[in-house]
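# Structural overview for review
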Amino acid sequence: MSCHFQRAWKFSGRMKPTRNINVNHSKNTRMLFTITICVVVLLATNKTSWSQDAMFSQFYGNPLYLNPAFAGSKKCTRLILNYRNQPFPAFGTFATYSISGDMYSDKLSGGLGFNVIHDSRAQLLSHTQAGAFYAWQSRLSHTWSISLGFQTSYFNERIHSENLVFPDQYNPGGGTGASGETFSSTFDSHYIDFSSGFLIYNKNFYSGVSVHHLNQPERGIFQDQKLNIKYSFMAGYDFALTENSRVNTSNNITLSPNVIFQSQSGFTRLNYGMYAHIENFTAGLWLRHNLQHPNTLIFTFGLKQVNYAIGYSYDYSLSGFSSPQGGAHELGVLLNFNCPAPKNTYRILNCPTF
C-alpha cells in the first residue's frame, strides 16, 4: 500500500450520534463511509502513527527516487513516467503518480535531474513532492567509476477535509446532507527535505547507498513530528549467458540478480530478485519481506528499445492482505533522447531498467 503518513495525529472534535443508515445504500456509499470512519479513527487517536515513504515495485524504473546518484547515469536525456495503483477497496483508491527526468552534462561532470511525485489515498490524504538532483561522476580507474548524488525537495502533505463524510450526513431515506462538523481549511504541511546517495560500478557490477530525509524535517499537521531518515542499500550484477559478436548486441541473453535493503523508523524491507533480458524483452521475479516473513511476490514484464522502454509489474500478496480484485499494479514508461556515442571518458552504469 502506498500510504506513508508518519506523524502524530491529534483531533479534538466530537462526532455526533450515528443515525440509522438505509440498508439500500449503494456499495460505493458504504465503501466511502468505511474509508471515512478509518480516517476519522486515525485522526482521533493521540498515539503516534508510524509508516513509510511511498513505494514503487519497479525499483529501477524510477531510479532517481531510489538513489539520487542515478541522475545522469545513462548519459542520455531521459523522461520517466510511473503510475502505481492498488485497487482496494476500489480501483484508484490508492494511487501514486511520478514523473522524472535527467541528463548528463560534460561541463558539470555529472547529471542533473528532477522528479515530481503525487500520492493520493482515498481522496482524503495526499502527499506531493518536487525535487531537484545533481550527481557528480568520476572514474576511479580504467574499470571502476563512482557517482555521488544530492537531492533537494519540497514536500506538501494534506488532509482533504472537504471529502470527509460523517454519519450525521446520512438520511434514512437515502442520500447525504450537510454535516454539523466543521473543519479548518489549513490541514496541510509544507517542508524542505535533503537526501544524498553514492554508487560505485564497473561494466557488470554496481553497488550503492542512499540516505533520504537527512535533515529530518518537521512534518506534523496537528503537532510536530519528524520525518525519520530512510536508509537504502542496493547491489546487482549483470552477466551475459550468450553474447553476440556483432556491434548490435540486442540479441544477447543476460541475467541480472539484485538486492535492495531499506530501513526507516524501525521498519525494514528486503527486496531481492532477478531480471532476465532476452533480446528486447525483460522479465523479472522479486520477493519482498520484512525480515520476519515474505509478504509480496513481484512479477515484472517489459519491452526495451533504443529510444523507449515500457514495463508492467504486479504485486501478489503472500500475507492474504490483497483484496479479491488483486494486488498492486504498476506501469512505467521510459523515453530516451539525444543518446551520445560511447566515449572512453565515462562509463555508462549498466543496471536494470525495471
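Now for a quick tour of the structure.

What counts and what doesn't
- What you see as residue numbers is a count from 1 along each chain, following the sequence as written.
- Local features in this predicted model are restricted to residues of pLDDT 70 or higher, and side-chain atom pairs are both shown and tallied only at a pLDDT of 80 or more, whereas totals for entire chains, interfaces and linings draw on every residue.
- Each side-chain value is derived from all of the structure's non-hydrogen atoms; neither hydrogens nor water enter the calculation.
- The rule for pairing is simple: two strands pair if DSSP sees at least two bridges between them.
- In DSSP terms, a helix is any run of H or I states spanning at least four residues, a strand is any run of E spanning at least two, and both are numbered starting from the N terminus.
- Ring pairs are drawn from Phe, Tyr and Trp, using the six-membered ring of Trp, whenever the two centres fall within 6.5 Å, and their geometry is named by plane angle: stacked under 30 degrees, edge-to-face over 60, tilted for the rest.
- Buried means the residue's accessible area, taken with a 1.4 Å probe over protein chains only, is under 20% of the maximum for its type, while exposed means over 50%, and partly exposed covers the values in between.
- Counted as over-ring charges are cases with an Arg CZ or a Lys NZ within 6 Å of the ring centre that also lie within 35 degrees of the ring normal.
- Criterion for a salt bridge: a side-chain nitrogen of Lys or Arg within 4 Å of a carboxyl oxygen of Asp or Glu.

On to the pairing of strand β12 (residues 253-264). Bridge count for strand β10 (residues 230-237) against β12 is seven bridges, and the pairing is antiparallel. Bridge pairing in β12 links A235 to V259. In this structure, strand β11 (residues 239-242) lies alongside β12, joined through three bridges in antiparallel fashion. In the sheet register, A240 faces β12, and the bridge partner there is T254. As paired strands, β12 and strand β13 (residues 267-278) are joined by twelve bridges and run antiparallel to one another. Within β13, the residue paired with Q264 across the bridge is F267. Counting the residues between successive antiparallel strands, the hairpin from β12 to β13 contains two residues, one of them, S265, with a positive phi of roughly 55°.

In this section: the packing of aromatic side chains. One pass over the full model with this rule turns up nine aromatic pairs. Look at F59 and W286: their rings are 4.7 Å apart centre to centre, the planes differ by 45°, and that puts the pair in the tilted class. Highlighted residues: F59 in the loop between β2 (48-49) and α2 (63-66) and W286 in strand β14 (residues 281-289), separated in sequence by 227 residues. Residue classification places F59 among the buried residues on the basis of a relative accessible area of 7%. Note on W286: relative accessible area 1%, which makes it buried. Relative to Y191, the ring of F155 lies with its centre 5.0 Å away and its plane at 10°, an arrangement referred to as stacked. One end of the pair, F155, is in strand β7 (residues 145-159); the other, Y191, is in strand β8 (residues 188-201), and 36 residues separate them in sequence. Here F155 matches Y191 in class, with each residue buried. Its end group placed over the ring of Y104, K75 keeps NZ or CZ at 4.8 Å from the ring centre.

Pairs can form between side chains of opposite charge whenever their charged atoms are close. All chains considered together, the criterion is met by five salt bridges. Note that D315 and R288 form a salt bridge whose closest N and O atoms lie 3.5 Å from each other. One end of the pair, D315, is in strand β16 (residues 308-317); the other, R288, is in strand β14, and 27 residues separate them in sequence. Neither residue differs from the other here; D315 and R288 are each classed as buried. Bridged by salt links that share partners, the residues R84, R288, D315 and E330 form one connected network.

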